[in-house]
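Inside the fold
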Amino acid sequence: MTAIDRVRIMVLGDSGVGKTSFVHLTANNEPIRSPSWTVGCSVEVKLHEYKEGTKEQRTYFIEFWDVGGSNNHRNTRHVFYNPCHGVILVHDSTNRKSEMNLHKWLQELINRDVNSTVVSSASVDEYDPENFFGSSQMPILVIGTKVDQIDERKSVIGTFASQFGVDEIVLDCRQARYLAAGSSNAVKLSRFYDKVIEMRYHSQNMSFREMFGSNTVSPVLPSKFYSPHQD
Amino acid sequence: MTFLQDTIVVLLSQVTFFVGAWIFFVKQLFKDYEVRHIMVQLIFSITLTLSCTMFELIIFEILELLDASSRYFYWCLMLYLLLFVVIVLNPFYIAYYCISNISFVKPDYIKHLTILVWIIFIVIFWKFGDPFPILSPKQGVLSMEQLVSRIGVIGVTVMALLSGFGAVNYPYTSMAYFIREVSITDVMNIEKRLMQAMDMVVMKKKRIAIAKRQSLEKINEGMPRRSGLWSMIYPGSNNRNQENISQLKLEIAGLEELSRQLFLEAHENRNMFERIEWSKTWKGIYFNFLGYIFSVYCTWKIFICTINIVFDRVGKKDPVTRGIEIAIHWMGFNFDVNFWSQQVSFYLIGCIVVTSIRGLLLTLTKFFNRMSSSKSSNIIVLILAQIMGMYFVSSVLLMRMNMPPQYRTIITQVLGDLQFNFYHRWFDVIFLVSALGSIVTLYLAHKQPVHENL
């Protein structure tokens with residue numbers, strides 16, 4: 001077996017939103033038949049072609065670490081969080097509260113290095129998206145599941161993804177056509193994987209533009225301390 | 001005129017309780033789920049409101065607020081409404097949601113099936129009360145006493161089970177004597193083993209992925225050159241790949257099960273470690289001390305229950321009157337019995353009411369958080385509301401024993417001529433059974449400390 005490098009993507013979200021179904025669908029290209037509650041963590045791997053079609057094409061392993069979301073396992077979950085190169089946040093499109101809880105999940109992941117014996121319950125209200133981008137630069141993707149069960153009368157407009165300026169995919173994990181090759185969802189996923197791999201292995205080659213889009217922010221300093229006018 | 005005033009007072013208090021129950025539902029019980037059916041929230045809040053109003057009427061009885069006739073009227077009204085909710089409304093909705101969740105039932109038949117299930121429930125409910133000696137034979141068939149007596153049996157059982165378990169579990173969890181020593185290295189060792197198991201799972205899954213890709217490439221390449229020579233020379237190559245994959249899948253299944261067990265063990269050890277840390281704080285020491293007192297009380301209670309059952313004795317005097325008598329005879333205090341008995345029983349009953357409501361709501365929340373999922377949250381809330389309604393009806397029944405005779409009249413008047421002694425005996429029996437059962441279970445589940453020598 002030739003040495004194939006790997007990246008690790010955490011899949012986080014409340015209990016019962018469909019993380020295991022999503023991971024199974026994206027790794028095996030077929031829906032899971034009988035999902036059950038995840039105790040601890042379940043892992044799936046996928047072979048991904050980085051920069052497919054160009055001369056820099058290389059194969060990487062993508063490991064999806066799908067952590068069980070029940071509340072009483074909060075104090076033991078942190079062992080799975082290291083190392084982490086990308087995050088997929090999953091929420092249930094029919095349950096608005098699961099989207100609001102994504103802030104807490106992100107906060108828990110970021111605080112994993114601060115204290116491993118005591119899980120800090122720092123208030124999420126002080127959360128500052130710019131601070132996050134300045135400190136850890138981890139690519140994020142947001143997934144909304146159970147799109148077939150949405151009540152038509154209630155409009156579900158997600159705000160989490162737009163708040164962070166990241167991509168969002170809505171799908172139904174029980175149908176493989178949502179991630180069929182060539183569909184826009186598959187393209188978004190593939191772009192996300194490429195970004196994770198680039199962050200991990202090729203970050204010194206990236207320019208400002210690629211990393212932060214149109215924001216003119218230095219990658220070293222937190223954005224709070226940087227004036228908008230570059231000298 | 002006074003009736004109007006009393007009505008306003010009762011209505012105001014009911015609105016307050018209703019708002020409180022609604023807020024509790026939204027903030028505590030359902031904080032992770034979205035309320036899709038408003039009926040669930042309504043039923044829960046109505047049950048809690050009616051129960052709180054009943055307790056409030058008892059307290060008014062002791063304090064002699066409001067008019068006696070209006071109190072009686074409201075008692076009957078509350079009881080009828082609560083019985084309606086617990087026997088008719090709630091089981092109907094529980095059956096409806098359960099049947100809606102079953103996937104192979106056509107939507108047209110749901111309503112008919114629900115009515116059928118409800119009728120079956122009523123029949124079982126009726127037959128259930130026959131073997132118990134709860135009624136004197138001179139009652140009619142369809143009277144309130146019949147219904148209240150049956151609900152009382154179920155509610156008393158639930159109360160006794162919860163009390164028995166709580167009486168044993170509280171000292172077990174709060175006393176330092178039962179904590180087993182876990183150091184941070186033990187916790188980290190198990191976490192290390194967990195990560196090793198996970199890494200092995202990942203490695204095997206990678207091998208499967210590579211094997212699958214190789215066989216895919218072989219199929220793509222092997223298609224045009226399908227010569228008989230090739231398949232004769234290497235007949236079993238494809239089969240060998242398949243065998244590898246299924247063998248790996250078996251190993252992965254075993255390793256995943258191991259990782260789940262290790263995770264649960266790590267979780268338990270970390271809980272124990274956090275508990276040890278907590279017990280060294282001031283709060284922990286205080287609770288430890290309380291635990292000692294409480295365990296003495298629980299052993300005394302178990303002892304008294306056994307004596308009651310063995311010697312077939314039911315307490316005739318309530319603790320308030322007995323306490324006052326002891327105070328007067330043995331300690332020579334001389335005070336106005338009536339006034340003090342009213343005050344003391346007010347505080348005693350007030351304490352019992354508040355702690356039982358609070359304790360029940362906390363237990364319900366804990367239970368709900370552990371058991372519910374996004375699919376079954378509605379059903380579980382309705383079942384909890386049902387248990388709560390039955391619990392409060394029977395706690396009114398049992399509270400009768402704690403009050404001096406002059407305040408018991410209204411309960412006896414409203415609830416009729418039930419065999420109250422039976423309920424106390426039944427409570428003692430179930431309490432004893434539950435306490436002994438929990439002692440045995442905790443003894444078996446108590447793990448010995450594990451020290452690993454490196």
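As shown above, the structure is provided for reference.
One structure accompanies this document, and this report is about it. As the structure is a computational prediction, the values presented were derived from the model and not from experiment.

**Notes on a nonpolar patch on the surface**
Residues and elements named next belong to chain B. Together, Tyr109, Leu113, Leu116, Ile120 and Ile124 give the surface a local cluster of nonpolar side chains, amounting to about 480 Å² of exposed area. Locating tyrosine 109 in the fold gives a position in the loop between helix H3 (68-101) and helix H4 (110-128). Owing to a relative accessible area of 46%, tyrosine 109 belongs among the partly exposed residues under this scheme.

**Digging into the nonpolar core**
With 77 residues, the main nonpolar core has Phe44, Leu48, Ile58, Ile151, Phe368, Met388 and Phe392 of chain B as its most contacted residues. In terms of residue count, the dominant contributor to this core is helix H12 (residues 377-399) of chain B (15 residues). Aside from chain neighbours lying at most four places away, what touches leucine 48 of chain B is Ala21, Leu361, Met388 and Phe392 of chain B. In terms of nonpolar packing, the next biggest core, distinct from the first, is built from 37 residues, Val45 of chain A together with Ala209, Ile210 and Leu262 of chain B among them.

**Description of the environment of valine 158 of chain B**
Residue and element names in this part refer to chain B. When you line up the elements, valine 158 lands in helix H5 (residues 144-174). In this structure valine 158 comes out as partly exposed when scored by relative accessible area, which is 22%. Sequence spacing of valine 158 and phenylalanine 427 is 269 residues, and the spatial spacing of their C-alpha atoms is 9.3 Å.

**Side note on unusual backbone geometry**
Positive phi, close to 60°, is recorded for asparagine 29 of chain A, a residue that is not glycine. With respect to the element layout, asparagine 29 of chain A can be found in the loop between helix H1 (19-28) and strand E2 (41-50).

**A word on helix H3 (residues 102-110) of chain A**
Residue and element names in this part refer to chain A. Most of H3 sits inside the fold, with 7 of its 9 residues counted as buried. For H3, every residue scored as buried is listed here: Leu102, His103, Trp105, Leu106, Gln107, Glu108 and Leu109. Lining the buried residues of H3 we find strand E1 (6-12), strand E4 (86-92), helix H2 (96-100), strand E5 (140-145) and helix H5 (160-164).

Rules used in this analysis
- Throughout this description, residue numbers start from 1 for each chain and increase along the sequence as written.
- Starting at A for chains and at 1 for ligands, labels are handed out in the order in which the entities are written.
- Confidence filtering applies because this is a predicted model: local features only for residues at pLDDT of at least 70, side-chain atom pairs given and counted only at 80 or more, and all residues used for totals across whole chains, interfaces and linings.
- Heavy atoms throughout the structure, all of them, feed into the side-chain values; hydrogens and water do not.
- Patches here are clusters of residues that have more than 30% relative accessible area and form no salt bridge, with a 9 Å joining cutoff for like charges and a 5 Å cutoff for nonpolar side chains (Val, Leu, Ile, Met, Phe, Trp, Tyr).
- Throughout, the Shrake-Rupley method with a 1.4 Å probe supplies accessible areas, and for residues the shown protein chains are the sole cover considered.
- Salt bridges are defined as contacts in which a side-chain nitrogen from Lys or Arg sits within 4 Å of a carboxyl oxygen from Asp or Glu.
- Secondary structure elements follow DSSP: runs of H or I of four or more residues count as helices, runs of E of two or more count as strands, with numbering from the N terminus.
- Burial here depends on accessible area, computed with a 1.4 Å probe over protein chains only, as a share of the maximum for the residue type. Under 20% is buried, over 50% is exposed, and the range in between is partly exposed.
- Take the buried Ala, Val, Leu, Ile, Met, Phe, Trp, Tyr and Cys residues and link them wherever side-chain atoms come within 4.5 Å; each set so joined is a nonpolar core.
- Two residues qualify as a contact provided that any one of their heavy atoms is within 4.5 Å of a heavy atom in the partner residue.

Keep in mind that these numbers describe shape and distance, not what the molecule does.
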